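Coordinates in review
Letter by letter, the chains look like this.
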Amino acid sequence: MSDTASKQTAFTKAAINEAAYAIPPMWPLEATVAVNPFLGESTASLGGAHARFASITGRSLFMPASWFQEKLNTGEILDGDLAKAIDVCGAGQPITPQQVRARLKDMSAAADSRVPTVLDLAGKHSGIDLRAIMTDRLTAWASNYFDDGQALWQVKDRGSVWASWRDFAANDLTPEILGLEGFCRFASSLTDDAAQFVVAATRELGASEAGLSTYLTQLLFDLGGWSQLGRYRLWQSEMAGETNPIMTELLSIAMAWEVFAFRTYGEAIALDWKRAIRMRGDADQTPASAELLETLQYALDHAQQRALDTLISDTKTVSSAGERPAIQAAFCIDVRSEVFRRVFEGTSSSVETLGFAGFFGLGINHKAFASDTEERRLPVLLNPSLETVETSEANDTADRDKRFRLRAVRAWGRFKLAAVSSFAFVESAGPIYVPKLLQGALGLKSGKAKPAPAPRLNSALTLDARTDAAETILRAMSLTRDFARLVLLLGHGAAVVNNPHASALQCGACGGYAGDVNARLLAGLLNDPDVRAELEKRDIVIPDDTHFVGGLHDTTSDQVSLFDDAPSAVHAKDIEAAKALLDLAGERARAERAPQLPHVSGPKRLKRRGKSWSQTRQEWGLAGCSAFIAAPRARTVGKDLAGRSFLHSYDWQDDDGFKVLELILTAPVVVASWINLQYYGSTVAPDVFGAGNKLLHNVVGGVGVLEGNGGSLRSGLPYQSVNDGVDFRHVPVRLSVCIEAPREAIAEILDRHEAVRALFDNHWLHLFAMDEAGQLAWRYAGDGQWQQAFETVDAARDGVAA
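Source: prediction; values computed, not measured. Along each chain, residue indices are assigned from 1 in the same order as the chain's sequence is written. With pLDDT at 70 or above as the cut-off, local features in this predicted model cover only qualifying residues; side-chain atom pairs require 80 or more to be listed or tallied, and sums for whole chains, interfaces and linings still use all residues. In computing side-chain properties, one takes all heavy atoms of the structure into account and sets aside hydrogens as well as water.

Right, let's get into the overall build of the chain. For helices the rule is a DSSP run of H or I covering at least 4 residues; for strands it is a run of E covering at least 2, with both sets numbered from the N terminus onward. Tallying secondary structure elements over the chain gives 30 helices and 20 strands in all. Within these notes, the globule rule equals 2.2 Å times the number of residues to the 0.38 power, and the radius of gyration is based on C-alpha atoms. Its C-alpha radius of gyration of 28 Å places the chain within 12% of the 28 Å reference for a compact globule of 802 residues. Its C-alpha atoms give the chain principal-axis dimensions of about 85 × 75 × 55 Å. For the exposure calls, accessible area comes from a 1.4 Å probe over protein chains only, and a residue counts as buried if that area is under 20% of its type's maximum, exposed if over 50%, partly exposed in between. Taken over 802 residues, the chain has a buried fraction of 55%. Contacts in the chain between residues at least 24 apart in sequence constitute 73% of all its contacts with a sequence separation of at least 6. Carbon and sulfur atoms make up 52% of the accessible area of the chain, which amounts to about 34,600 Å² in all. The chain carries 81 positive and 98 negative side-chain charges, and their two centres are separated by 6 Å. Every residue pair with non-hydrogen atoms within 4.5 Å of one another is taken to be in contact. Working definition of accessibility: Shrake-Rupley area with a 1.4 Å probe, residue cover restricted to the visible protein chains. Note that His is not counted, nor are the chain ends; the positive residues are Lys and Arg, and the negative ones are Asp and Glu. One atom stands in for each charge, and that atom is NZ of Lys, CZ of Arg, CG of Asp or CD of Glu.

Encoded structure:
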């Protein structure tokens with residue numbers, strides 16, 4: 001191979017790698033988590049990413065001009081917000097807020113233009129919808145290949161993605177029947193080496209180096225959620241320290257369709273294809289319309305930040321520290337916890353709450369009772385360090401009995417769905433299920449599920465290891481003194497039925513599972529007298545009368561269950577009193593949330609809403625999330641943040657070496673950004689980053705959903721998660737991260753973590769430093785520079801270095 005050919009091969013393989021990492025991973029339905037759909041674009045601005053994605057998908061990454069116009073008309077965005085946005089974004093050239101308003105009115109509603117692929121051009125020329133055929137046949141193959149136990153007839157010996165697809169395509173006559181003569185023969189002739197095929201294909205197609213990465217990214221995006229599922233498989237392999245060629249092999253499938261179309265229709269589309277290659281080389285240039293919309297997006301972000309600053313700056317509702325609280329309750333930082341924390345604190349002056357990541361610092365690989373399925377209950381950015389189970393010698397017989405029952409249930413289920421018996425079953429037994437259908441549709445199922453057995457470590461840890469874990473967690477929670485008599489550790493989950501995306505409503509910090517297991521484990525750890533004795537040697541003194549209890553906050557019904565796995569007779573009355581206050585808080589939280597949900601006649605209806613099969617909006621999840629605040633609770637206590645803020649307890653004066661601050665910026669903040677940007681993407685570009693209409697969903701392979709009975713795998717959030725049927729429930733703004741800590745400490749941490757810093761430098765997130773009074777005093781301006789948070793534009797232009 002010549003030096004030129006070697007360089008071309010190396011360049012193409014680098015472009016393949018770049019394209020693979022531009023695709024966001026999609027976790028399967030069993031334990032789905034929010035993912036930043038712009039994961040591979042953090043080094044570009046939103047406007048720059050828009051230009052590239054528009055050329056790939058034909059969709060905008062901004063809300064339409066008419067939507068921003070309405071925000072201006074209603075006064076939600078003011079001229080001061082526009083002035084700040086112009087100062088930061090420039091809008092292409094120096095202009096005034098009045099000129100922005102004028103340009104917006106003159107802005108056309110023309111759709112962003114997708115640069116066509118060979119398949120697009122060939123389809124237009126031939127009159128055959130080649131893209132629809134590719135999508136249909138890809139899904140027919142992938143739904144079997146990636147099946148995770150849903151199919152009754154399982155595929156065996158699946159082999160590699162590339163080999164499996166080639167075998168399928170070589171024997172699939174559907175393309176031939178639809179007019180693609182010779183496709184089977186073409187598929188059977190493809191080389192075994194997927195990477196080498198892509199390299200050769202790019203040469204055959206004449207793809208230029210200038211736009212090669214964008215072109216390959218486009219091909220992967222055209223595979224829909226299947227490429228994102230492949231990216232998840234790659235993610236999992238890399239977390240285990242392994243490699244996986246799955247993205248190259250998926251790309252080779254898309255490239256095979258391109259090559260077939262080129263060989264079949266190449267002469268007829270030659271000029272159009274050369275034009276598309278040139279256009280793709282210029283795809284990274286941000287058009288003036290996008291610059292204007294980016295300015296308006298920043299202005300909207302700024303308007304939201306103004307409102308937050310006004311609320312936080314209000315010192316009237318801030319209460320001073322008093323006597324030792326009777327109850328402390330640690331909640332997940334999830335925005336849904338904000339409402340419950342506020343109303344719970346309002347039930348009694350002796351209640352204090354804290355915010356911490358919902359996995360409570362315990363990265364576990366858990367096996368539930370009577371199950372061998374491994375549940376990774378920790379943030380997906382981390383690997384589990386502990387193995388936990390719910391089965392023990394005491395309940396081994398019950399475990400075995402439940403396994404037998406579950407096997408019988410599965411066998412009965414397969415009988416009902418089998419090819420022959422299903423028809424006779426429906427005819428003969430259908431009427432028997434009428435009461436069950438009515439019960440489920442009306443949410444009439446009564447009774448609570450029996451609590452799971454107490455989780456335990458699969459293998460014992462040494463006392464030093466247990467003490468190290470306890471110390472690390474308590475310091476990260478900023479809970480090292482002034483312990484209450486009763487400390488509740490409350491994870492959260494959502495009890496919902498008939499919802500394929502149910503795991504998206506669970507705890508993101510627990511990897512798409514509820515947080516009760518982690519909370520119960522930590523309660524047991526902190527109740528251990530040996531651990532407490534060792535903690536005292538490390539200057540963390542837990543009073544003898546302090547008792548920890550794990551629990552679960554059901555965010556759909558706002559009911560809290562407590563699990564006192566190590567009952568303390570002397571705390572029985574304390575726990576009963578806590579339950580009464582939690583019930584009262586639940587009533588108040590439901591009263592606050594009920595008017596925000598469609599078709600809710602009163603707060604009591606929320607108790608059963610999650611049990612109804614008919615509900616498409618059982619709760620709003622994290623819709624509306626817009627801020628992350630890491631500060632002492634005193635800064636936000638009593639302030640109505642409307643369930644839109646992640647609240648992490650943090651006291652920098654107790655943070656030796658700012659280790660906790662570094663952990664917050666590199667873990668909870670990143671997870672919160674994924675959540676915020678997923679909601680953003682599913683709102684502004686639902687066709688690309690949303691899962692479509694729940695009413696049309698069909699689960700495929702147990703891994704994802706199709707919208708209707710065909711098409712590609714859909715990722716992201718369903719339409720009903722961001723829209724109430726009339727208007728958007730989620731306002732697409734980028735997350736404002738507010739941290740009470742010295743700017744110098746924040747800057748040093750950002751310097752050590754370039755990936756996190758890029759999120760702030762390129763305005764995927766906004767960063768504020770709070771002063772000693774708890775107000776938003778400083779705004780991170782990028783490149784290590786800080787400005788006063790809310791000041792005149794002229795002063796802001798000068799900038800102030802930390």
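Another aspect to go through is the packing of aromatic side chains. Two aromatic rings are characterised by how far apart their centres lie and by the angle between their planes. Classification of ring pairs rests on two measures: the distance between centres of Phe, Tyr or Trp rings, Trp counted by its six-membered ring, which must be within 6.5 Å, and the angle between planes, read as stacked under 30 degrees, edge-to-face over 60 and tilted in between. Within this structure, the stated rule accounts for 30 aromatic pairs. Ring geometry for F38 and Y680: centres 6.3 Å apart, planes at 75°, overall edge-to-face. Taken together, the residues span a long stretch of sequence, with F38 in the loop between α1 (3-21) and α2 (46-57) and Y680 in helix α26 (residues 668-684) at a distance of 642 residues. For F38, a relative accessible area of 1% puts it in the buried group. Arranged with centres 6.0 Å apart and planes meeting at 10°, the rings of F768 and F790 form a pair that is stacked. Of this pair, F768 sits in strand β17 (residues 766-770) while F790 sits in the loop between β19 (785-788) and α30 (793-798), placing them 22 residues apart in sequence. Looking at F768, the relative accessible area reads 0%, which means it is buried. According to the relative accessible area criterion, F790 is partly exposed, its value standing at 28%.

Another aspect to go through is the sheet that holds strand β2 (residues 351-356). Should DSSP find at least two bridges between two strands, the strands are regarded as paired. Taking strand neighbours across the sheet as the criterion, the five strands line up as β2-β1-β7-β8-β9 in an open arrangement whose pairing is mixed. In this open sheet, the two strands that pair with only one neighbour each are β2 and β9 (559-563). Strand-to-strand twist of the sheet, defined as the mean angle between neighbouring strand axes without regard to direction, takes the value 25°. Strand direction decides the pairing type here: strand β7 (residues 486-493) and strand β8 (residues 547-554), joined by eight bridges, are parallel. Its bridge partner lying in β8, L489 is registered against G550. Helix-sheet contacts for helix α16 (residues 335-347) involve β1 (327-332), β2, β7, β8 and β9, and the interaxial angle to β2 is about 165°. Note on geometry: axes are C-alpha line fits, over the in-contact stretch for helices, and angles between N-to-C directions span 0 to 180 degrees.

There is a patch of nonpolar side chains on the surface, built from L152, W153 and L417 and spanning about 390 Å² of accessible area. Relative to the assigned elements, W153 resides in the loop between α7 (130-145) and α8 (161-171). Classification of W153 by relative accessible area gives exposed; the value is 71%. Each patch is built from residues lacking any salt bridge and having more than 30% relative accessible area; the joining distance is 9 Å for like charges and 5 Å for nonpolar side chains (Val, Leu, Ile, Met, Phe, Trp, Tyr). A pairing counts as a salt bridge when a side-chain nitrogen of Lys or Arg comes within 4 Å of a carboxyl oxygen of Asp or Glu.

Direction vectors running N to C along helix α3 (residues 65-73) and helix α5 (residues 97-106) enclose 140°, while the axes themselves pass 9 Å from each other. Between α3 and α5, the angle is such that the two are oblique. Crossing of α3 over α5 shows left-handed handedness. Here α3 contributes A65, F68, Q69 and L72 to the contact with α5, which in turn contributes R101, L104 and K105. Should an angle fall under 35 degrees it is called roughly parallel, over 145 degrees roughly antiparallel, and 65 to 115 degrees roughly perpendicular, with every other angle called oblique. By convention, the crossing between two helices is left-handed when the near helix turns anticlockwise from the far helix through less than a right angle, and right-handed when the turn is clockwise.

By the element assignment, T12 lies in helix α1. Among all residues touching T12, those that are not within four sequence positions of it are V199, T202, L212 and L216.

What follows deals with helix α11 (residues 194-205). Between the first and last residue of a helix there are one fewer steps than residues, each counted as 1.5 Å, and that sum is the expected span. For α11, which comprises 12 residues, the first-to-last C-alpha distance of 16 Å matches the rise-based estimate of 16 Å (1.5 Å per residue) to within 8%. All of the buried residues in α11 are A194, F197, V198, V199, A201, T202 and L205. Whenever two N or O atoms come within 3.5 Å, that pair is a polar contact, provided that in protein one can donate a hydrogen and the other can accept it, and provided that, for residues adjacent in sequence, both atoms are side-chain atoms. At the N-terminal boundary of α11, the capping side chain belongs to D193, with an oxygen 3.1 Å from the backbone nitrogen of A195. One or two steps after α11, the chain reaches G206, where phi turns positive at roughly 75°.

On to the pairing of strand β11 (residues 645-649), then. Burial analysis of β11 places five of its five residues in the buried class, the great majority of the element. Of the two faces of β11, the one carrying S645, L647 and S649 and the one carrying F646 and H648 are both buried.

It is worth spelling out the sheet that holds strand β3 (residues 364-367) at this point. The four strands lie next to each other as β4-β3-β5-β6, forming an open sheet whose pairing is mixed. Looking along the sheet, the strands with just one partner apiece sit at the ends: β4 (375-377) and β6 (456-457). Taken together, the four bridges between β3 and strand β5 (residues 386-389) define a ladder with parallel strand orientation. Directly across from H366, in β5, lies its bridge partner T388. Against the sheet, helix α21 (residues 516-527) makes contact with β3, β4, β5 and β6, and its axis sits at roughly 110° relative to β3, the strand it touches most.

Across the 10 residues that make up helix α12 (residues 212-221), a large majority, 10, are buried. Looking at α12, one finds that the buried residues are L212, S213, T214, Y215, L216, T217, Q218, L219, L220 and F221.

The next thing to look at is unusual backbone geometry. The general pattern is negative phi for most residues beyond glycine and trans for most peptide bonds. Positive phi outside glycine occurs at A370, with the angle close to 60°. Residue placement: A370 occurs in the loop between β3 and β4. Given the relative accessible area of 7%, A370 is considered buried. At A642, a position not held by glycine, the phi torsion is positive, near 60°. Relative to the assigned elements, A642 resides in the loop between β10 (627-631) and β11. For A642, a relative accessible area of 42% gives the class partly exposed.

Another point: the environment of H302. In this structure, H302 sits in helix α15 (residues 288-313). H302 gets classed as buried once you look at its relative accessible area, which sits at 6%. Separated by 431 residues in the primary sequence, H302 and V733 have C-alpha atoms spaced 9.2 Å apart. Apart from the residues lying within four places of it in its own chain, the contact partners of H302 are D81, K84, R779 and F790.

Moving on to the environment of T135. Within the secondary structure, T135 is located in helix α7. On the accessibility criterion, T135 (15% relative accessible area) is buried. When the C-alpha positions of T135 and G774 are compared, they lie 53 Å apart, and in sequence the two are 639 residues distant. Setting aside residues up to four positions removed in sequence, T135 forms contacts with G711 and S712.

A few words on the packing of α2 against α12. Viewed as axis vectors pointing N to C, α2 and α12 meet at an angle of 55°, and their least axial separation amounts to 9 Å. Our classification of the angle between α2 and α12 gives oblique. For the element pair α2 and α12, the recorded crossing hand is right-handed. In this structure, α2 uses R52, F53, S55, I56 and T57 to contact α12, whose residues at the interface are S213, T214, T217, Q218 and F221. Just so you know the grouping, Ala, Val, Leu, Ile, Met, Phe, Trp, Tyr, Cys and Pro go in nonpolar, Asp, Glu, Lys and Arg go in charged, and all remaining residues, Gly too, go in polar. Partitioning the contact of α2 with α12 into residue classes produces three nonpolar, six polar and one charged.

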